[in-house]
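The residues making up each chain are set out below.
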Amino acid sequence: MSGTEPRPHRPAITVFTPGDARKLSTWSNVPYLFTRALERYGYQVVHVDIGQDKPLRAVYDLAIATMRALRLTRNSHNYFRSRLHRWITERRIARALQRHPHNENLFITFSFSAHRFGRPYALFCDMTYAKSIGYFNDRAPDRTELRTIRHEEENLRHAKLVISLFPELAEELRAEHGDRVKYYGNVVNIEEPEVDTRQLLRKGEDGIELVFIGKAHYRQGLKLLLEAMPLLNEGRAKPVTLHVIGHTRLQMMGPVPEHVEFHGYLDKGDPVERQRYYDILRRAYLFVNPNVKWGAFSASLEAMFLYTPVVLFPYPEFTRTFGDDGEVGHFLRQEDPAELADAIRGLIDDRGSWLRKAAHAHEVVKDFTWDRYVARYLADLGLPTG
């Protein structure tokens, strides 16, 4: 299209997010990067925060935690899934729909929608509540959880478009909801990537650094890695250093081996902390997250983009995306500190193998851009990108 031709009409898009989509810290940067890409295509984005009221959440979740401690409940229910939060949130949604009656509507969650208000909408998320309970907890939902699951199923049933971030879930949803369910590949959550290939492929020449990224729900894998560190460093003249992002030293509640640096949570919305985060990733020789069922998918993609092979368990969504041949790193087979230490040592000692895997890791994710991803979303809505 030449600069003299009229630009195709672009309707505004109302984006409903559990949290402020204008902040990088919200849900692994996903809403921020999604909406920024929409703006680059010339769309006006109306941001609607349907996040939780913090004081109410604190009181409600404390009561739930007390009930769990007393063994009165064992489910995963919390304030976000409560009737009170739903009542408050649906009123926020109603006000936004009333103020912007002609906008496209996108919900970056499966938990809420515009169905009750008779307005068309699209849904975008990573995992349904039912899938999360079945996969991570390996059990059927109880009566309280089923109430939330039924709400999600209703939202999915009436959406004009459902976008799943992962291929296996997309396949399951497509079996139930048909071709309205889309999988566009995945995305690397780096807004302004700076890639110096030559420099990144020299990692390890001045010392080997590993990185673990993950908050409390990844702690079991971190404990395994900490157990492996003394085995890995045994007899090494220059010890391997581990950087832990997402935990502090105090949170570990136990002994920690030498050569481990804790950085706590690093907020990408803070320029200093964002710089530290990417400095660590650029230096990291390997990304290691040995949790059996999930290995910090988004963070692993960022590492791969920066030529960092991964050491993970072969959980299904990762292998469906990248294959199960281990060409982007090494797949673990059992929760054993010695096996983990051997896997890391193998990639340290075999520089040729590391170089091949580092280059392949970058190659398979380099086209996972938000502009490409959002272009497919717009195309499925029949909206212009040019």
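Residues numbered from 1 in each chain as written. Predicted model: local features only at pLDDT ≥ 70, side-chain atom pairs only at ≥ 80, totals over all residues. Heavy atoms only, no water.

**Q** Looking at this model, I keep getting lost on the pattern of salt bridges. Mind explaining?
**A** Pairing is possible between side chains of opposite charge, provided their charged atoms come close. Per the counting criterion, the structure on display carries 20 salt bridges. With a shortest N-O distance of 2.8 Å, Glu145 and Arg139 are connected by a salt bridge. Two residues, Arg320 and Glu171, come together in a salt bridge whose shortest N-O distance is 2.9 Å. Of the two residues, Arg320 sits in helix α11 (residues 316-322) while Glu171 sits in helix α6 (residues 167-177), which places them 149 residues apart along the sequence. (Salt bridge = Lys/Arg side-chain N within 4 Å of Asp/Glu carboxyl O. Helix = DSSP H or I, 4+ residues; strand = E, 2+ residues; numbered from the N terminus.)

**Q** So what exactly am I meant to see when it comes to helix α13 (residues 351-365) here?
**A** Every α-helical turn comprises 3.6 residues, leaving residues that sit three or four positions apart pointing alike. Look at α13: 22 Å from first C-alpha to last across 15 residues, which is about the 21 Å you get at 1.5 Å a residue. If you follow the buried residues of α13, they end up packed against α7 (197-200), β10 (286-288), α10 (297-305), α11, β12 (329-331) and α12 (337-349). (Expected span 1.5 Å × (residues − 1). Contact = heavy atoms within 4.5 Å.)

**Q** How do you make sense of the nonpolar core when you look at a structure like this?
**A** Within soluble globular proteins, side chains that are nonpolar tend to cluster in buried spots. In this structure, Phe124, Phe318, Trp370 and Tyr377 are the most contacted members of the largest nonpolar core, which totals 118 residues. The element best represented in this core is helix α8 (residues 219-233), accounting for seven residues. Aside from chain neighbours lying at most four places away, what touches Tyr377 is Ile13, Phe34, Leu38, Leu106, Ala122, Leu161, Ile163 and Tyr184. (Core = buried A, V, L, I, M, F, W, Y, C linked by side-chain atoms within 4.5 Å. Buried < 20%, exposed > 50% of the residue type's maximum accessible area, 1.4 Å probe, protein only.)

**Q** Mind showing me how you'd approach the pairing of strand β2 (residues 45-49) here?
**A** Remember that side chains alternate between the two faces of the sheet whenever the strand is regular. Taken together, the five bridges between strand β1 (residues 13-17) and β2 define a ladder with parallel strand orientation. Paired with Val15 across the bridge in β2 is His47. Each parallel crossover has a hand, and for β1 linked through helix α1 (residues 30-40) to β2 it is right-handed. (Pairing = 2+ DSSP bridges. Right-handed = clockwise from strand over helix to strand, strands pointing away.)

**Q** Before we go on, may I ask you to explain the environment of Thr385 in this structure?
**A** Examined against the element boundaries, Thr385 turns out to sit in the segment after α14 (370-380). Here Thr385 falls in the partly exposed class, since its relative accessible area comes to 36%. Contacts of Thr385, omitting those with residues within four sequence positions, involve Arg10, Tyr41, Ala375 and Leu378.

**Q** Which parts of the structure should I look at to understand the packing of aromatic side chains?
**A** To describe a pair of aromatic rings, you give the distance between the ring centres and the angle between the ring planes. Counted by the stated rule, this structure contains 25 aromatic pairs. Against the face of Tyr135 rests Lys293, its NZ or CZ located 5.4 Å from the ring centre. (Phe/Tyr/Trp six-rings, centres within 6.5 Å; stacked < 30°, edge-to-face > 60°. Lys NZ or Arg CZ within 6 Å of the ring centre and 35° of its normal.)

**Q** Help me understand α1 in this model?
**A** Counting buried positions along α1 gives eight out of eleven residues, so the element sits mostly inside the fold. Listing the buried residues of α1 in full gives Val30, Pro31, Tyr32, Leu33, Phe34, Thr35, Ala37 and Leu38. Considering only its buried residues, α1 is in contact with β1, β2, β3 (104-107), β4 (122-125) and α14. Following α1 by one or two positions, Gly42 has its phi on the positive side, about 95°.

**Q** Any chance you could explain unusual backbone geometry here in plain terms?
**A** Excluding glycine, a negative phi dihedral is what most residues carry, and trans is how most peptide bonds are arranged. One non-glycine residue, Trp27, lies in the positive phi region at around 40°. Looking at the secondary structure, you find Trp27 in the loop between β1 and α1. The backbone of Tyr307 sits at a positive phi, close to 60°, despite the residue not being glycine. Turning to its location among the elements, Tyr307 is positioned in the loop between α10 and β11 (310-312). Tyr307 gets classed as buried once you look at its relative accessible area, which sits at 6%.

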